[in-house]
Amino acid sequence: MKKHFLLIFAILFPLMNMAQSTTSQQEKLTRMKTVNNGEKAPLGPLVDVNGNSINFSEFEGKLLVLDFWASWCGPCIQQTPYFEALAEKFGDQEVEFVKISIDDRQEYWGDYVTKRNWTTNSYWIGTDESNPIYPFVYYNYKEKDFEGVVIAVPRYVIISKEGKILNNQAYNPSHPRLEKEIQKYLKN
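Residues numbered from 1 in each chain as written. Predicted model: local features only at pLDDT ≥ 70, side-chain atom pairs only at ≥ 80, totals over all residues. Heavy atoms only, no water.

## Points about the overall build of the protein chain
Right, so step 1: Helix and strand counts for the protein chain come out as 5 helices and 9 strands.
Right, so step 2: Across the protein chain, helices and strands are ordered from the amino to the carboxyl terminus as α-α-β-β-β-α-β-α-β-β-β-β-β-α.
Right, so step 3: Across the 188 residues of the protein chain, 46% fall into the buried class.
Right, so step 4: Accessible surface computed for the protein chain: about 10,300 Å², of which carbon and sulfur atoms make up 50%. (Helix = DSSP H or I, 4+ residues; strand = E, 2+ residues; numbered from the N terminus. Buried < 20%, exposed > 50% of the residue type's maximum accessible area, 1.4 Å probe, protein only. Areas by Shrake-Rupley, 256 points an atom, 1.4 Å probe, with all protein chains shown as cover.)

Shown next, in the form of structure tokens:
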């Protein structure tokens, strides 16, 4: 158990200190409620690789599968080919696969996705905790000697055509249950 905690802490500690957060733990817990399953998805700005800002509302009318990630996150990068494969598999259906980066530097993120040709439906929100979409990456972490809201990526979220949050902790794209869940929501 102690080794497990140390491993998790070693992974999360840099994330907790990466951005000088001015948002209190209580504020984060309150904001997490805005992205609970069943809630209307919050609307906020996204930035594309050309620096253009779009609003999250532009995706309404289609089932959404969101991938919150960062270029420094190994598990995020490992899951990207699976996410891309699902996007291709469901390409002719009423579903959008959207990648949302929380990298702290927009320029670095833009270069990263451009070099890998990951620009389709790829957006950036950075570490702006005031963005209404940002609470999707909050995670209330509890361990014997530590409790607090941390940033946790990758995070996969499914949002209905009507903009309702269906699953704010969906399976990783490499897991077959995610594909089955998407199929289920497309039938409804």
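## Observations regarding helix α3 (residues 74-89)
Right, so step 1: Between its terminal C-alpha atoms α3 stretches 24 Å, which fits the 22 Å expected from 16 residues at 1.5 Å a residue.
Right, so step 2: Taken together, the buried residues of α3 touch β3 (63-69), β4 (95-101), β8 (155-159) and α5 (176-187). (Expected span 1.5 Å × (residues − 1). Contact = heavy atoms within 4.5 Å.)

## Notes on the pattern of salt bridges
Right, so step 1: Taken as a whole and assessed by the stated rule, the structure comprises 6 salt bridges.
Right, so step 2: Taking the shortest distance from any N to any O, the salt bridge between K62 and E96 comes out at 3.0 Å. With K62 in the loop between β2 (53-55) and β3 and E96 in strand β4, this residue pair connects regions lying 34 residues apart in the sequence.
Right, so step 3: A relative accessible area of 29% places K62 in the partly exposed class. (Salt bridge = Lys/Arg side-chain N within 4 Å of Asp/Glu carboxyl O.)

## A look at the state of the cysteines
Note on terminology: disulfide describes a covalent bond linking the sulfur atoms of two cysteines.
Right, so step 1: Throughout the structure, instances matching the rule amount to 1 disulfide.
Right, so step 2: C73 shares a disulfide with C76; S-S distance 2.4 Å. Disulfide C73 to C76: torsion about the S-S bond roughly 80 degrees, handedness right-handed.
Right, so step 3: According to the relative accessible area criterion, C73 is buried, its value standing at 5%. (Disulfide = S-S within 2.5 Å.)

## Focus on the nonpolar core
Soluble globular proteins tend to bury their nonpolar side chains together.
Right, so step 1: L46, F56, L66 and F68 are the most contacted members of the largest nonpolar core, which totals 36 residues.
Right, so step 2: For this core, the secondary structure elements donating two or more residues are β1 (45-47), β3, β4, α4 (106-115), β5 (122-124), β7 (146-151) and β8.
Right, so step 3: Among the elements that take part in this core, β3 stands out by supplying 4 residues, more than any other.
Right, so step 4: In contact with F56, not counting residues within four places along its chain, are A41, P42, L43, G44, L46, L64, L66, I100, I133 and I159.
Right, so step 5: The next biggest cluster of nonpolar side chains, apart from the first, holds 14 residues, and it includes L63, Y156, A170 and I182. (Core = buried A, V, L, I, M, F, W, Y, C linked by side-chain atoms within 4.5 Å.)

## Some thoughts on unusual backbone geometry
Right, so step 1: Between V153 and P154 the backbone carries a cis peptide bond, its omega angle lying at 5 degrees.
Right, so step 2: Turning to its location among the elements, P154 is positioned in the loop between β7 and β8.
Right, so step 3: Positive phi outside glycine occurs at N117, with the angle close to 60 degrees.
Right, so step 4: Judged by its relative accessible area of 62%, N117 is exposed.
Right, so step 5: One non-glycine residue, N121, lies in positive phi territory at about 50 degrees.
Right, so step 6: Relative to the assigned elements, N121 resides in the loop between α4 and β5.

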